[in-house]
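Overview (structure and organization)
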Amino acid sequence: MRLVYDRRRLLTAAAGLGLAGGLADRAGAAPGLAEIEGYPFRLGVASGDPAPDGFVIWTRLAPRPLEENGGMSMYSLPHSVGWEVAEDDGFKRIVRSGQATAIADLAYSVHVEVEGLAPHRHYFYRFTAGGDVSPVGRVRTLPAAGASPNLVRLGVAGCQNWEDGLFTGFGHLARENDVDAVFHYGDYIYEGGSGRYSKALRTHVGDQTYSLSDYRRRYAQYKSDPLLQAAHASTAFISSFDDHEIDNNWAGDMDADGNPPEIFVFRKLAAMQAWYEHMPVRRAQFPGVNGAIMYRRFDFGGLVRMHALDTRSHRSDQPCNDLPTGNSCQPVYSEASTMLGSAQEAWLADGLSQTSKWNLIAQQVLVMPYDGREPGGAEPVRGPDNWNGQPAARQRLVKVIADRRLTNVVVSTGDAHLTYVGTVPLKDEAPDGAAAATEFLCSSMASGGNGGPLGLAQADVYRNNPNLRLLHNQRGYQLFDITPKLWRTQVRVIDRVDAPGGLVSTLKTYAVTPDRPELHEA
Ligand code: FE
Ligand code: CA
């Protein structure tokens, strides 16, 4: 045979994925080992997890995304994928390049951790396989450690149920100027079977996802969307996950169906492998039998320190069987209850710092106390799946902020499919009292459909929740313009997601100063 391919050597490399090195840049694979039938870059490209000297670039070879294995033959042979990083989009000034190896074991995905670049500047990247060239992506490195940038602009997005709405907002997000990075708060896919959420607009391929190939095909369907691809190509994503990457409202080692952990672990491992394969994340986030260490930190110079949290993997199970708690069940104030687990909680406390102008806690589920009682209801109604279900955990977080006298904490949240803007009070029982942080919960890109009136008496909602400034039901995303003296959040909404051509507008703009966690309408 013309090529000798050392399988054992590749497995050794795969086993070392958690270490430096790994699969990228391995010799031993050569182009043309197996023909790819069709254009292999139909899932686009992505970048993520920027550092001052680099970032991750991602693609996956999938010439026919919805077919089994994305249209790839699972020969157990690797494909060599070339990559280039340039200072210009014409690739005249290429500053880094190499060959990565895409293997069947990881769905022919490619993750390259590019290093050695200059801080806070834009780069362009692309891949090649066989004679084909991928679309071009654009990405910016982080400011240097200790640098004092005048402005960092972050996007926030997530909750993109394919069956509920078009990804129009991603197309608009892709065209926003100079977004340094997008925080994705999860629900990148939804696990339900075809027609589970909506039959009218567009439907999932396949039944509810359980196996690795189910999840791979679901990601491939979502990532085949040109507007989502455009958003990825426009800037780095800082990817997290919430519940629907695996199963609705899972918590720790428990699913929401009552299966024992030893059964749920199989599904979770398949889903986490597919998550890794499709997200532009580093090898540090490579999942194992105990899940993935997803929480991590990003310093945008000395301007903003972003703590990306995992509020799913290490938490206590929801109280009250996941039902909104009403008269019959209030969350029990138990010191043992947790949203982060002890290791992540200590890590967060350790990293919250006044040395950064701003602290951004980027996470998944509502932190602020919220009473969702119906008009005339006698008792508070709390959401068991968010921090309202684990009030002791929230109190510990607030205590860290208060003990450090931090006045610069902003929380970014997803999950609820509505916009919530408000403050996290120092005391749960005094929501109109002094605040520990401001919180901007971003609605959803698609989940929930067009939106509209809430069906709640707005006046009652604000009376029951004096810490809440906005509750709104439309799809969209948020933009954070962060400067040393002022944080501005734009709530960007899409007028419709049930037909192409939806328009974007700014519903509200809020301003916060770093000396006081207080919201000002700008
Ligand atoms: Fe969601
Ligand atoms: Ca969710």
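In the block above lies the structure referred to throughout.
These notes cover the structure that comes with them.

Glancing now at the overall build of the chain. Each helix and strand counted, the chain has 8 helices and 22 strands in total. The buried share of the chain, taken over its 522 residues, is 58%. Put simply, of all contacts in the chain between residues at least 6 apart along the chain, 71% involve residues at least 24 apart. When the accessible area of the chain is evaluated, it comes to approximately 19,900 Å², of which 51% is carbon and sulfur surface. Across the chain, 51 positive and 59 negative side-chain charges occur, with their mean positions spaced 5 Å apart.

With that settled, consider the coordination of the iron ion (ligand 1). Reference values for angles at a metal are 109.5 degrees in the four-donor tetrahedral case and 90 or 180 degrees in the six-donor octahedral case. Taken together, the protein ligands of the iron ion (ligand 1) are Cys159 (SG), Asp187 (OD), Tyr190 (OH) and His417 (NE2), with distances of 2.0 to 2.4 Å. Seen from the iron ion (ligand 1), its 4 donor atoms lie at angles of 89 to 163°, and the figure they make is irregular. In terms of primary sequence, the donors binding the iron ion (ligand 1) are separated according to C-x27-D-x2-Y-x226-H. Between the iron ion (ligand 1) and the calcium ion (ligand 2) the interatomic distance comes to 3.7 Å, and Asp187 is a ligand of both metals. A residue pair is termed long-range when its members are at least 10 positions apart, and Cys159 in the loop between strand E9 (152-157) and helix H2 (168-174) and His417 in the loop between strand E15 (409-413) and strand E16 (419-425) qualify at 258 residues. Taking the relative accessible area as the measure of exposure, Cys159 reaches 0% and is therefore buried.

By volume, the largest pocket is sized at about 590 Å³. If you go around the largest pocket, you meet 27 residues; those closest to its centre are Gly383, Asn386, Asp415, Ala416 and Tyr420. When the residues that make up the lining of the largest pocket are grouped by side-chain class, the tally is 13 nonpolar, 8 polar and 6 charged. Elements that contribute at least two residues to the lining of the second largest pocket include exactly helix H7 (391-403), strand E17 (435-441) and strand E22 (516-521). Residues belonging to the lining of the second largest pocket are distributed by class as follows: 11 nonpolar, 4 polar and 5 charged.

Mapping Arg153 onto the fold places it in strand E9. Within polar-contact distance, the side chain of Arg153 engages the side chain of Asp481 at 2.7 Å. Setting aside chain neighbours within four positions, we find Arg153 in contact with Glu176, Asn177, Asp178, Val179, Asp180, Ala181, Leu479, Phe480, Asp481 and Gln490.

Let us now look at the state of the cysteines. Scanning all chains against the criterion turns up 0 disulfides. Here Cys442 stays free of any disulfide, with the sulfur of Cys159 as its closest cysteine sulfur at 8.5 Å. For Cys442, a relative accessible area of 1% gives the class buried.

Within the open sheet, the 7 strands sit side by side as E12-E13-E14-E15-E17-E16-E18. Their pairing is mixed. Of all the strands in the sheet, the pair left with one neighbour each is strand E12 (296-300) and strand E18 (468-472). Pairs of neighbouring strands in the sheet enclose a mean axial angle of 20°, with direction left out of account. Pairing geometry for E16 and E17, over 6 bridges, is antiparallel. Bridging from a neighbouring strand, Gly422 pairs with Glu439 of E17. Here helix H6 (residues 341-351) sits on the sheet in contact with E12, strand E13 (304-308) and strand E14 (358-362), set at roughly 175° to E13.

Applying the stated criterion to the full structure yields 20 aromatic pairs. Residues Phe167 and Tyr222 carry aromatic rings whose centres are separated by 6.1 Å and whose planes lie at 50° to one another, so their mutual orientation is tilted. Here Phe167, found in the loop between E9 and H2, pairs with Tyr222, found in helix H3 (residues 212-223); they are 55 residues apart in sequence, far enough to count as distant. Assigned by exposure class, Phe167 and Tyr222 land together as buried. Ring plane angle 80° and centroid distance 5.8 Å describe the contact between Tyr190 and Tyr197, whose orientation is recorded as edge-to-face. Under the relative-accessibility criterion, Tyr197 is labelled partly exposed at 25%.

What counts, and where the lines are drawn
- Residues numbered from 1 in each chain as written.
- Chains lettered and ligands numbered in written order.
- Predicted model: local features only at pLDDT ≥ 70, side-chain atom pairs only at ≥ 80, totals over all residues.
- Heavy atoms only, no water.
- Helix = DSSP H or I, 4+ residues; strand = E, 2+ residues; numbered from the N terminus.
- Buried < 20%, exposed > 50% of the residue type's maximum accessible area, 1.4 Å probe, protein only.
- Contact = heavy atoms within 4.5 Å.
- Areas by Shrake-Rupley, 256 points an atom, 1.4 Å probe, with all protein chains shown as cover.
- Lys, Arg positive; Asp, Glu negative; His and termini not counted.
- Charge placed at Lys NZ, Arg CZ, Asp CG, Glu CD.
- Donors = N, O, S within 2.8 Å, 3.2 Å for Na, K, Ca; no water.
- Tetrahedral: all angles 85-135°; square planar, octahedral: opposite > 155°, others 65-115°.
- 1 Å grid on protein atoms, 1.4 Å probe; cavity = no way out; pocket = protein on both sides within 12 Å on 5 of 7 lines; lining within 4 Å.
- Points joined across faces, edges and corners; volume = space filled by probe spheres on them.
- Nonpolar A, V, L, I, M, F, W, Y, C, P; charged D, E, K, R; others polar.
- Polar contact = N/O pair within 3.5 Å; in protein donor to acceptor, adjacent residues only side chain to side chain.
- Disulfide = S-S within 2.5 Å.
- Pairing = 2+ DSSP bridges.
- Axes fitted to C-alpha atoms, helices over the stretch in contact; angles between N-to-C directions.
- Phe/Tyr/Trp six-rings, centres within 6.5 Å; stacked < 30°, edge-to-face > 60°.

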